[in-house]
Structures are given as structure tokens and as C-alpha cells.
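Structure at a glance
Residues per chain, in single letters:
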Amino acid sequence: MAMDLDESSRIGARSGLEIELEVVPKGVSCQNRIKGFSFEDNRLMNGNWVQEPNKDVILLFFRILALCHTAIPELNEETGMYNYGAESPDEGAFLIAAREFGFEYCKRTQSSIFVRERPIPSQEPIER
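Quick caveat, the model's predicted, so the values are computed rather than measured.

Before going further, it helps to spend a moment on the overall build of the protein chain. What the protein chain contains, in helices and strands, is three helices and five strands. If you list the helices and strands of the protein chain from N to C, you get α-α-β-β-α-β-β-β. Once local pairs closer than 6 in sequence are excluded, the contacts in the protein chain between residues at least 24 apart make up 37%. Counting only carbon and sulfur atoms, one obtains 53% of the accessible surface of the protein chain, whose full area is about 9,600 Å².

Given below as C-alpha cells:
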């Protein structure tokens, strides 16, 4: 069902839902584009999310994003980054997003999944 912006705004207002979007001026883009990741919001990028009042919820969300999947990580020797053999493009995109926010899925065994967490880019990663 298609709905115009005014109609969706009225529905949001009636339900009490408020979403404030950050406006990115035209012509402004990420310095290094990552295939499968085109998100820009300075409130969350570069570890800024740890300054948010609900940082515990955001942390849990990123951990879940990095853990709940069936993908297999494959280390790219040239870049040192992981590529993911995922069952769907969406599953791969979720893992790329988690990685860009500091939660890199890096290994799977029969009983465990390992994630390198680096919420703030200047910190050393912690493997969990």
C-alpha cells in the first residue's frame, strides 16, 4: 500500500511515534563507501552511540545483529577484513552493518560464535 509523506506523518502523530531523522545535505557522503553499507547518522557513527542515553539497548542491538544469523566468515587476506557467505543479501548486509558499528563477526565453531567488539574505533577490539 502506497502512502504519501503527509499521510504517514499523520499516522505517526496519532500513534505517538516520533522519529527524528538527521538531514544529510546533498553532495555530502561517506569518505570510504563500503559495499552493502550506505548508512550515515553522526549520532551513531564512529562510536558516538555510546554517548546516547539508551546506549545499553543500542549495544544489545548491535550484538544481536552480529550474532543472529547462519553466515560463514571468510577472511580476505588482502584487506584483512571478513567477507560473509550468507544465505541472503539481507543477512550479509546486517553483518556488514554490525561490523561498521564495531561488532565484527569473525569465527564460528560447532558450539560458539565469536565477535570482535570495538564500539569506539580508538579502542583495542575485545573478542567475545
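Let's shift gears to the pairing of strand 3 (residues 103-108). Pairing analysis gives five bridges linking strand 3 to strand 4 (residues 113-117), with the strands arranged antiparallel. Paired with Tyr105 across the bridge in strand 4 is Val115. In sequence, strand 3 turns back onto strand 4 through a hairpin of four residues.

Between its terminal C-alpha atoms helix 2 (residues 55-67) stretches 18 Å, which fits the 18 Å expected from 13 residues at 1.5 Å a residue. Buried within helix 2 are the following residues: Ile58, Phe62, Leu65 and Ala66. Summarising the axial view, the buried residues of helix 2 lie within an arc of 95°, below the 170-degree limit, and thus occupy one face. Projecting away from the buried face of helix 2 at angles above 90 degrees are the exposed residues Asp56, Val57 and Leu60. Packing partners of the buried residues in helix 2 comprise helix 3 (89-100), strand 3 and strand 4.

Look at helix 3: 16 Å from first C-alpha to last across twelve residues, which is about the 16 Å you get at 1.5 Å a residue. What helix 3 keeps buried is the set Glu91, Gly92, Leu95, Ile96, Ala97, Ala98 and Arg99. The inward-facing, buried residues of helix 3 contact helix 2, strand 2 (82-85) and strand 3. Downstream of helix 3 by one or two residues, Gly102 has phi in the positive range, about 100°.

Overall, antiparallel pairing links the three strands, which are arranged 3-4-5 in an open sheet. Strands with a single pairing partner mark the edges of an open sheet, and in this sheet they are strand 3 and strand 5 (126-127). Relative to strand 5, strand 4 runs antiparallel, the two being bridged by two bridges. Paired with Arg116 across the bridge in strand 5 is Glu127.

A separate point is unusual backbone geometry. Residues other than glycine seldom take positive phi values, yet Asn46 does so here, at roughly 55°. You can see Asn46 is positioned in the loop between helix 1 (5-15) and helix 2.

Here we come to the nonpolar core. In terms of nonpolar packing, the biggest core is built from 14 residues, with Phe37, Trp49, Phe62 and Phe103 touching the most fellow members. Elements supplying a minimum of two residues to this core: helix 2 and helix 3. In contact with Trp49, other than residues within four places in its own chain, are Arg43, Leu44, Lys55, Ile58, Leu59, Phe62, Phe101, Phe103 and Pro119.

What follows deals with the packing of aromatic side chains. A full pass over the atoms with the stated rule returns six aromatic pairs. For the pair Phe61 and Phe62, a centre-to-centre distance of 5.7 Å together with 55° between the ring planes defines the contact as tilted. Here Phe62 and Phe101 contribute two aromatic rings whose centre-to-centre distance is 4.6 Å and whose plane-to-plane angle is 15°, an arrangement assigned as stacked. In this pair, Phe62 sits in helix 2 while Phe101 sits in the loop between helix 3 and strand 3, placing the two residues 39 residues apart along the sequence. The pair Phe62 / Phe101 is uniform in exposure class, with both members buried. Each member of the aromatic cluster is reached from another via a ring pair, and the members are Trp49, Phe61, Phe62, Phe101 and Phe103. The aromatic ring of Phe114 is capped on one face by Lys107, whose charged end is 4.4 Å from the ring centroid.

Definitions and cut-offs
Residues numbered from 1 in each chain as written. Predicted model: local features only at pLDDT ≥ 70, side-chain atom pairs only at ≥ 80, totals over all residues. Heavy atoms only, no water. Helix = DSSP H or I, 4+ residues; strand = E, 2+ residues; numbered from the N terminus. Contact = heavy atoms within 4.5 Å. Areas by Shrake-Rupley, 256 points an atom, 1.4 Å probe, with all protein chains shown as cover. Pairing = 2+ DSSP bridges. Expected span 1.5 Å × (residues − 1). Buried < 20%, exposed > 50% of the residue type's maximum accessible area, 1.4 Å probe, protein only. Arc of directions from axis to C-beta. Core = buried A, V, L, I, M, F, W, Y, C linked by side-chain atoms within 4.5 Å. Phe/Tyr/Trp six-rings, centres within 6.5 Å; stacked < 30°, edge-to-face > 60°. Lys NZ or Arg CZ within 6 Å of the ring centre and 35° of its normal.

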